[in-house]
Amino acid sequence: MTDEEILKMPVEQVQEEGFIFLWVTNNKLQAGLDFLRVHGYQHIEDVVWNKKDSNGNVLRRIGYTLLHTHELCLVGRKGRPMDMDHYVQRQMAANDISE
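Quick caveat: nothing in here was measured; it's all calculated off a predicted structure.

1. What about the pairing of strand S5 (residues 70-78)?
Extensive coverage of S5 is indicated by the burial of seven of its nine residues. Relative to S5, strand S1 (residues 18-24) runs antiparallel, the two sharing seven bridges. The partner of Ile20 across the bridge, within S5, is Gly76. Where strand S2 (residues 42-50) meets S5, eight bridges bridge the pair, whose relative direction is antiparallel.

Here is the structure:
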């Protein structure tokens, strides 16, 4: 799918208010932020997946400029689905799943 096709997805048919979790690659970060904005979500947090192989070594993938070792999940909120502010904290998701 193109960025434009993804941007036009009818998210409002699934959810009027609530949380959304959107995985993005480094080069699509701005497209992900645009998606949240266009659909009325406030970007509130990020979840970071530090990628490791089966031996626990950090995986390095080729990026446009740097070697990337993680992927991001953007967390957005629309409306006030529940008063979860006191539960939402910055955290890093350590994942031992190997590729």
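Moving on, there is more to tell.
2. Things to note about the packing of aromatic side chains
All chains considered together, the criterion is met by one aromatic pair. For the pair Trp23 and Trp49, a centre-to-centre distance of 6.1 Å together with 75° between the ring planes defines the contact as edge-to-face. Of this pair, Trp23 sits in strand S1 while Trp49 sits in strand S2, and the two are 26 residues apart along the sequence. Overall, Trp23 belongs to the partly exposed group, its relative accessible area being 48%. Among the residues examined, Trp49 registers a relative accessible area of 17% and is labelled buried. Directly above the aromatic system of Trp49 lies the positively charged group of Lys51, at a separation of 5.6 Å from the ring centroid.

Calculation rules
Residues numbered from 1 in each chain as written. Predicted model: local features only at pLDDT ≥ 70, side-chain atom pairs only at ≥ 80, totals over all residues. Heavy atoms only, no water. Buried < 20%, exposed > 50% of the residue type's maximum accessible area, 1.4 Å probe, protein only. Helix = DSSP H or I, 4+ residues; strand = E, 2+ residues; numbered from the N terminus. Pairing = 2+ DSSP bridges. Phe/Tyr/Trp six-rings, centres within 6.5 Å; stacked < 30°, edge-to-face > 60°. Lys NZ or Arg CZ within 6 Å of the ring centre and 35° of its normal.

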